[in-house]
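Coordinate analysis (summary)
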Amino acid sequence: MMKKKSISASKASLVFFLCQMISALDVPLDSKLLEELSQPPTITQQSPKDYIVDPRENIVIQCEAKGKPPPSFSWTRNGTHFDIDKDELVTMKPNSGTLVINIMNGGKAEAYEGVYQCTARNERGAAISNNIVIRPSRSPLWTKEKLEPNQVREGDSLVLHCRPPVGLPPPIIFWMDNAFQRLPQSERVSQGLNGDLYFSNVQPEDTREDYICYARFNHTQTIQQKQPISVKVFSMDSLNDTIAANLSDTDIYGAKPVTERPPILLTPTGTTSNKVELRGNVLLLECIAAGLPTPVIRWIKEGGELPANRTFFENFKKTLKIVDVSEADSGNYKCIARNILGSTHHVISVTVKAAPYWITAPRNLVLSPGEDGSLICRANGNPKPSISWLSNGVPIAIAPEDPSRKVDGDTIIFSAVQERSSAVYQCNASNEYGYLLANAFVNVLAEPPRILTPANKLYQVILDSPALIDCAYFGSPKPEIEWFKGVKGSILRGNEYVFHDNGTLEIPVAQKDSSGTYTCVARNELGKIQNEVQLEVKDPTLIIKQPEYKVIQRYGHVSFECIIKHDSTLIPTVIWLKDNDELPDDERFLVGKDNLTIMNVTDKDDGTYTCIVNTTLDSVSASAVLTVVARPNPPFDLELTGQLERSIELSWIPGDENNSPITSFVIEYEDGLHEPGVWHYQTEVPGSQTTVQLKLSPYVNYSFRVIAVNEIGRSQPSEPSEQYLTKSANPDENPSNVQGIGSEPDNLVITWESLKGFQSNGPGLQYKVSWRQKDVDDEWTSVVVANVSKYIVSGTPTFVPYEIKVQALNDLGYAPEPSEVIGHSGEDLPMVAPGNVQVHVINSTLAKVHWDPVPLKSVRGHLQGYKVYYWKVQSLSRRSKRHIEKKILTFRGNKTFGMLPGLEPYSSYKLNVRVVNGKGEGPASPDKVFKTPEGVPSSPSFLKITNPTLDSLTLEWGSPTHPNGILISYILKFQPINNTHELGPLVEIRIPANESSLILKNLNYSTRYKFYFNAQTSVGSGSQITEEAVTIMDEAMASRQVDIATQGWFIGLMCAVALLILILLIVCFIRRNKGGKYPVKEKEDAHADPEIQPMKEDDGTFGEYSDAEDHKPLKKGSRTPSDRTVKKEDSDDSLVDYGEGVNGQFNEDGSFIGQYSGKKEKEPAEGNESSEAPSPVNAMNSFV
């Protein structure tokens, strides 16, 4: 009793019901598990509640159910048990409750009409189907009736009744003629919802005898036809003729002509009506009116708006259709019919009722022994439905009692259930418009835990993303779930994990150390089970080089990059999209490993390109926009408006700017009258402007075109505008660039630039040419010439000024008065030479000349300047004559002096001066002689050193090419060079100018010397040339050197020595690497190369030296052999002069003049202080 009171006290608590629902078990949809668990029956498929069947075919009443064990089936018919075994025409499908009634073997469908219900039953309960009402379809024939012809006056209304036979289901009605063509319908003629054909007003063309109503019965696929209906429309004229023929003259003739009539409603009748519709159905309201002219129908809802998106008008707005109606659509709907004579209306009061519909349908309940739960069944409708419960198909009031069950209206409450509490409960919600039936079972199970997730399942996630590790389980009572990590890990707890009710373990932010083995343990009072799974955390996929925004010109090439970085164990796939769709199937699109290239880009390639990188675990993407730009399309639709004599307005429509804004429009014009086919620039306007006011010239046949300009370039020109011819007028301007220049001493040539065709302003263009001598009171002389650009005035004085003007005129008159210009008649050669010519010599290469100007009258033309002719007569140092080459310097304007540069020193020159005008040069002044002083000489033409001996050298030289004066001496300087490239003391010798050779004695043998040589005048020393030479060794030693060096055994010996030195170097290198000490510096000093270093005088070692002029160190290979001549323009010898294998040469006296060989030999490590030159010969002598 205490327990019952507790339940009763809490029966109204919503929290309690929710708690019962939460406590119920959820059975996973695992096929293996479902096969093993006991389960009450569940109806899975059944026929519709109202089942209309074809009476010619077998009747199949469906009933399928599932359960464990599989359920058995039974049927009731009209509320009593239906024993199918007693009827040979009725069978049940194997393993199914579906009935098959064999009508095609002699049965009649009408015999099986009734209400059927299926029951599926097993040891845990029974489920029932809906009440299935079986009715065979019917398509009866029309009853025969006599149809009278319809005779109607033109303009009257007419209704042709169809009255189809009552079928099941109701037929579909339509009207056709004898040719099976649908009768045309309109606002005037239309079919009503009841199938009747309504005429708002009849017309003569409505006359016909084949108005046929058809009824189509879809279930039986049959069409029934009504007898044809005849309609004859009488017009007023024919009706009057008929009446007149049948009446005497004394009868009253009262037929009226067709008159217009206000609207009246044909259907519905009256002013108000009622309509009931069920929730969720389609509401159809109809108003059809008669009247002439044909009325127009309008619909409104009183006190509200017609529902948006659910309201439709059909049948020429005569039918209002509202789909999926609800209680809110209840109300008064008014239809208004109106024509020019008035209006009428009808109000339809709509009430929306509702068959029962679910708010909360009962749900299957799986409980463990001792648990609590509840079944809730809530429905609504209009009127509100009543709720009744059944248990295993039996009303719960008479069902076997269950102490764990208590019914409380729409809820059944279960407390401390046991396995015997399992059952199937049915909830029935019903009102006058229908019912709802739902099955929901209570299944009480006692099961040990089971884990449904496969063992050792591998989960892979991306770093820093959530990891969800499943542990799908089932057990009754509901098991508790625990998670462990690692083989001997402790239970997982804490905020870093989320434990879901379905057993799933969530790691919100997976890290690399989250990888490993996870163990799920499920336990309840009936047992325990565990399962291991694996988790791997992978590096994310990244796009490290994303595609970038590109702007490309049409027909160019563009490439988008998409360089990725990904986990090495994942295989990425790269997909490119254009505007979130696949790339076009076009060979111009080239997809590479990490890029997308588009060749020959066109306008349609414009858009957003997306690189999508997918792996099995993640997906990343990056997008970039491609903008294809091009020159704009040409403007179009050019229009000329506001035509005036001197202006017009031009407007146009811009073409496509092709993604590059139009910056300006260029307007060009063509003069079809004077220059057809030639387009000229008119003006330019900003790109935002599409109209322009253009200035016009008279007598021009204008056509205009427009060119659009953007950053890419200019568009093609637009199509030309219409032509516009302006009226003629006087010329607005005169010719430009008027000039007067004589071509002969006695004429004046007047020239000008002719006006262009459009500047003439009219036909008959001519020019009035006027002239008069300036500063003389002469009258103007004028002449009118044709459209030319030159006129010659003859018989003029030589070079006198004239005032000139040229005026344009045409057939309409003269241009404005022109401005005057000054010209001159023809020039003649000057008559007088400049006088008092003086020359002032500034230095040996520059002189200044002076002269007196000539009188301007003697110039007889425009003074252009003076010309100075000058030439060299002879050199004062050589006294030899040569070819005279005259030079000319021109000094512009009225100058009276000039400079003469580039003269040669110590030379005799002549010059004269002449005046110059436009005609030519005047007579020359008398020749003027002048001389230049001495200068420094050029370098000697050559320096050659010959006949080297042990202590002497012979020097020979050539005199300077340009002495530039009287030579007074030669200066020779020389100094020795040792093998460390150091220079010895400098010795200077002055040599008389008449000498051309010199023998230097008392020199050191086998020593290199450098010589510096130049010539000298009284002004100073000229540029120098340099040379080097070497004194020879002892003659016998030199002879042996040549003899031995050419022997084969000597060559072999040198090779052996080279091999020994190589071995020694290798040994030293190895010792050094092992830490031993080796005096490399000393060895290198001892093995200096004698070939590339000049010798010092004192110790025979080598040293650097510098040239006396530039003090640059002497480079390897820069020496010249002693018999080589050095010109002043030659540089130091190159290495070519010192190539390998050059044999020594001897003079006739046996002295050695050869060059050193290019081969290098190392000196002995000791004894390098000898005064002898360290050479291969010395090395050989040590062995002799």
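Right, let's walk through the structure included here. Keep in mind the model is a prediction, meaning the values are calculated, not measured.

Overview of the environment of T946
- Residue position: T946 is located in strand β79 (residues 940-946).
- By relative accessible area, T946 is classed as buried at 17%.
- Note: C-alpha distance between T946 and I999 (53 residues apart in sequence) is 9.3 Å.

A look at the sheet that holds strand β81 (residues 969-977)
- The 4 strands lie next to each other as β82-β81-β84-β85, forming an open sheet whose pairing is antiparallel. Sheet topology places β82 (987-992) and β85 (1025-1030) at the edges, where each strand pairs with a single neighbour. Shown here is a sheet whose adjacent strand axes are inclined to one another by a mean of 25°, direction ignored.

Overview of the pattern of salt bridges
- Per the stated rule, a full pass over the model turns up 36 salt bridges.
- Taking the shortest distance from any N to any O, the salt bridge between D156 and R261 comes out at 3.3 Å. Pair noted here: D156 is in the loop between β12 (150-153) and β13 (158-160) and R261 is in strand β20 (residues 261-267), with a separation of 105 residues, a long-range link.
- Judged by its relative accessible area of 24%, R261 is partly exposed.
- A salt bridge links E314 to K321; its shortest N-O distance comes to 3.3 Å.

Observations regarding the sheet that holds strand β74 (residues 863-875)
- The antiparallel open sheet is built from 4 strands, whose spatial order is β75-β74-β77-β78. Each having just a single partner strand, β75 (887-892) and β78 (928-931) make up the two edges of the open sheet. Across the sheet, the axes of successive neighbouring strands diverge by a mean angle of 30°, strand direction being ignored.
- Pairing geometry for β74 and β75, over 6 bridges, is antiparallel. Following the sheet pairing, Y866 is matched in β75 by F891.

The rules behind these values
- Residues numbered from 1 in each chain as written.
- Predicted model: local features only at pLDDT ≥ 70, side-chain atom pairs only at ≥ 80, totals over all residues.
- Heavy atoms only, no water.
- Helix = DSSP H or I, 4+ residues; strand = E, 2+ residues; numbered from the N terminus.
- Buried < 20%, exposed > 50% of the residue type's maximum accessible area, 1.4 Å probe, protein only.
- Pairing = 2+ DSSP bridges.
- Axes fitted to C-alpha atoms, helices over the stretch in contact; angles between N-to-C directions.
- Salt bridge = Lys/Arg side-chain N within 4 Å of Asp/Glu carboxyl O.

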